[in-house]
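Fold and contact review
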Amino acid sequence: PLVRFSACLAVGELRLSEAKSQLLELSRESQPSVRVAVLFALHRIGDTHMSRDLEFASIDPSPNVRSNTAMVLGMLGEPTATRVLAPMLHDSNAAVRMAAATALWRLGDRRGLDQLAAGTISGYPDDQMMALLGLASTHDQRVLGNLQGALTGDYQEVCLVAARACGMVGSDVGYGVALIGAKSSDPRQRMLAALALGDIRRTDAQPVLSGLLKDFDPDVRVAAAVAPPPIREARP
């Protein structure tokens with residue numbers, strides 16, 4: 001199911017209309033999250049006759065389905081989706097709330113921005129990390145102040161996600177935090193550091209990323225491998 005879900009998202013993002021017959025066949029998929037991705041892909045290639053079903057998916061019993069639904073609604077770029085997303089800001093599940101806030105922010109709705117900003121100072125590290133990435137998802141430099149505030153704190157994972165988020169909006173202010181994380185004994189921190197260095201995109205990060213490509217942990221190696229080409233020169 002995860003592979004089918006990812007493939008359908010990719011079809012939608014690339015608007016591969018030649019895959020329409022396969023998507024229609026998959027629309028009878030019994031796995032709800034896969035069907036959400038199918039509906040997204042169909043909508044993106046111009047077939048909207050089942051798009052309304054996303055509204056029903058937004059109240060599915062599974063938090064994972066609701067979260068995925070919020071995500072694709074934000075990716076669709078349809079302003080009318082805010083009507084479905086707004087109630088999801090009050091979902092009982094934190095991940096769903098953050099997904100809905102991120103989607104609203106992507107659609108330019110201030111309610112999403114406000115909830116994500118509040119999430120960056122949550123008492124729960126997972127909420128903070130989701131909120132930071134959600135804020136950065138639009139690559140809007142106006143949120144840099146919110147992101148910088150999380151570069152220091154008690155949870156190194158949150159600091160590393162903040163460094164990555166700063167990179168996503170065009171700042172390398174978290175570069176030092178990412179370098180420290182790349183030397184951590186904790187593979188999760190090394191993975192987050194690799195993702196951060198990839199999004200910061202400085203030329204002098206290349207030797208560090210090359211070293212992480214040889215890490216014993218497969219997740220760290222993958223995170224280093226997906227780093228995009230650098231665009232920023234090293235600076236003091």
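Along each chain, residues carry numbers from 1 onward, in the same order as the chain's sequence is written. Only residues with pLDDT of at least 70 get local features here, since the model is predicted, and only at 80 or more are side-chain atom pairs given and counted; chain-wide, interface and lining totals rely on the full set of residues. Side-chain numbers here rest on the full set of heavy atoms in the structure, without hydrogens or water.

Here we look at the nonpolar core
One broad trend across soluble globular proteins is that nonpolar side chains are buried collectively. The criterion is simple. A nonpolar core is a set of buried Ala, Val, Leu, Ile, Met, Phe, Trp, Tyr and Cys residues joined through side-chain atoms within 4.5 Å. Burial here depends on accessible area, computed with a 1.4 Å probe over protein chains only, as a share of the maximum for the residue type. Under 20% is buried, over 50% is exposed, and the range in between is partly exposed. Ranked by size, the top nonpolar core spans 76 residues in total, and within it Leu85, Leu132 and Leu147 carry the most contacts. A run of DSSP states H or I qualifies as a helix once it reaches four residues; a run of E qualifies as a strand once it reaches two. Both are numbered from the N-terminal end. Element by element, the count of residues in this core is highest for helix H11 (residues 156–168), at nine residues. In this description, contact between two residues means that some pair of their heavy atoms is separated by no more than 4.5 Å. In contact with leucine 132, not counting residues within four places along its chain, are Thr120, Asn146, Leu147, Ala150, Val158, Val161, Ala162 and Ala165.

Remarks on the packing of H11 against helix H12 (residues 175–182)
Between H11 and H12, whose axes approach to 8 Å, the crossing angle comes to 130°. Here H11 lies oblique to H12, going by the angle between them. The two elements H11 and H12 cross, and the hand of that crossing is left-handed. Packed against H11, whose contacting residues are Gln156, Cys159, Leu160 and Ala163, the element H12 presents Val177, Ala178, Ile180 and Gly181 at the interface. Any residue outside Ala, Val, Leu, Ile, Met, Phe, Trp, Tyr, Cys, Pro, Asp, Glu, Lys and Arg is labelled polar, Gly included; the first ten of those are nonpolar and the last four are charged. When grouped by side-chain class, the residues that make up the contact of H11 with H12 number six nonpolar, two polar and no charged. Axes here refer to lines fitted to C-alpha atoms; in helices the fit is confined to the stretch in contact. Angles between the N-to-C directions go from 0 to 180 degrees. In these notes the angle categories are as follows: under 35 degrees is roughly parallel, over 145 is roughly antiparallel, 65 to 115 is roughly perpendicular, and the rest is oblique. Take the far helix as the reference: if the near one is turned anticlockwise from it by less than a right angle, the crossing is left-handed, and if turned clockwise, right-handed.

Function cannot be read off these values alone, since they describe shape.
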